[in-house]
Amino acid sequence: MQTIYRLTLEDALVLLRAAEAEAQRIGVKQTICIADDGAHPIALHRMTGARLTGVDIAIAKAFTAAGHQRATHLFNEQPNGPALPGNEAFGIQHMHPGKFTVFVGGFPIVYRDQIIGAVGVSGGNGEQDKAVGAAALAAFDEHIAAAVPA
């Protein structure tokens, strides 16, 4: 028997608001997707002026981070990123065409050692996408700490 934790829409909105606030602070128009543990979007927000392509990209980043249970940028980090040429998962992004991505911007959401969902961020460069994702995750941690006794 196992206890399963699930993100709610309220949780997703906390993540979205924090991500958008950070994107505004650093001056980047982002698309943010919050997905559940099954990699299905719970909430999607495209900031005014964000690229149209960001919608599919943010969804793919959230899908990958939730479904494969790791941050998307870890696939390509030197020297041992598994999706780098010559490494064990080279070409993995072709497994789920249009849904699986191996570049910066997808981050799993972890609660009590379980992947309960993911954040997908698209619109900035790698550092900007990481900053927006980190702000969302930090806000979620604060939200949970305030709502759930230890």
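Structure shown above.
Only a predicted model underlies this, so the values are computations on that prediction, with no experimental measurement involved.

**Examining the sheet that holds strand 1 (residues 31–36)**
Sheet architecture is open: four strands sit in the order 2-1-4-3, paired in antiparallel fashion. Here the strands that pair on one side only, and so sit at the sheet edges, are strand 2 (41–46) and strand 3 (106–111). Strand-to-strand twist in this sheet, taken as the mean axis angle between neighbours without regard to direction, amounts to 15°. Looking at chain direction, strand 1 and strand 4 (residues 114–122) are connected through six bridges and run antiparallel. For Thr31, the partnering residue across the bridge sits in strand 4 and is Ser122.

**Looking at unusual backbone geometry**
Across the junction of Gln78 and Pro79, the peptide omega takes the value 0°, indicating a cis bond. In this structure, Pro79 sits in the loop between helix 2 (54–68) and strand 3. At Ala39, a residue that is not glycine, the phi angle is positive and equals roughly 75°. Examined against the element boundaries, Ala39 turns out to sit in the loop between strand 1 and strand 2. For Gln69, which is not glycine, the phi torsion reads 60° and is therefore positive. In this structure, Gln69 sits in the loop between helix 2 and strand 3.

**Digging into the nonpolar core**
Core analysis: the largest hydrophobic core is formed by 21 residues, its most contacted members being Leu15, Ile34, Ile109, Val119 and Phe140. Among the elements of the structure, helix 1 (9–26), strand 1, strand 3, strand 4 and helix 3 (126–147) are those that each provide at least two residues to this core. In terms of residue count, the dominant contributor to this core is helix 1 (five residues). Excluding residues within four positions of it along the chain, Leu15 makes contact with Ile34, Ile109, Val119, Ala136, Leu137 and Phe140. Core analysis: the next-biggest nonpolar cluster, separate from the first, contains 15 residues, Phe75, Ile92, Phe100 and Val102 among them.

**Describing the environment of Arg112**
With respect to the helices and strands, Arg112 occurs in the loop between strand 3 and strand 4. On a C-alpha basis, the gap between Arg112 and Tyr5 in space is 8.7 Å, while along the polypeptide they are 107 residues apart. Engagement of the side chain of Arg112 in a polar contact is seen with the side chain of Tyr5, the distance being 3.3 Å. Only 3.1 Å separates the side chain of Arg112 from the side chain of Tyr111, close enough to count as a polar contact.

**Concerning helix 2**
Over its 15 residues, helix 2 extends 20 Å from the first C-alpha to the last, a length consistent with the 21 Å expected when each residue adds 1.5 Å. Inspection of helix 2 places Gly54, Ala58, Ala60, Lys61, Ala62, Phe63, Thr64, Ala65 and Ala66 among the buried residues, and these make up the whole buried set. Looking at the buried side of helix 2, the elements it contacts are strand 1, strand 3, strand 4 and helix 3.

**What to know about helix 1**
An α-helical turn contains 3.6 residues, so any two residues separated by three or four positions project in the same direction. If you check helix 1, its first and last C-alpha atoms are 26 Å apart, about what 18 residues at 1.5 Å a residue would give, namely 26 Å. Along its buried surface, helix 1 packs onto strand 1, strand 2, strand 3, strand 4 and helix 3. With its phi angle positive at about 75°, Gly27 sits one or two positions after the end of helix 1.

What counts and how
- Residues numbered from 1 in each chain as written.
- Predicted model: local features only at pLDDT ≥ 70, side-chain atom pairs only at ≥ 80, totals over all residues.
- Heavy atoms only, no water.
- Pairing = 2+ DSSP bridges.
- Helix = DSSP H or I, 4+ residues; strand = E, 2+ residues; numbered from the N terminus.
- Axes fitted to C-alpha atoms, helices over the stretch in contact; angles between N-to-C directions.
- Core = buried A, V, L, I, M, F, W, Y, C linked by side-chain atoms within 4.5 Å.
- Buried < 20%, exposed > 50% of the residue type's maximum accessible area, 1.4 Å probe, protein only.
- Contact = heavy atoms within 4.5 Å.
- Polar contact = N/O pair within 3.5 Å; in protein donor to acceptor, adjacent residues only side chain to side chain.
- Expected span 1.5 Å × (residues − 1).

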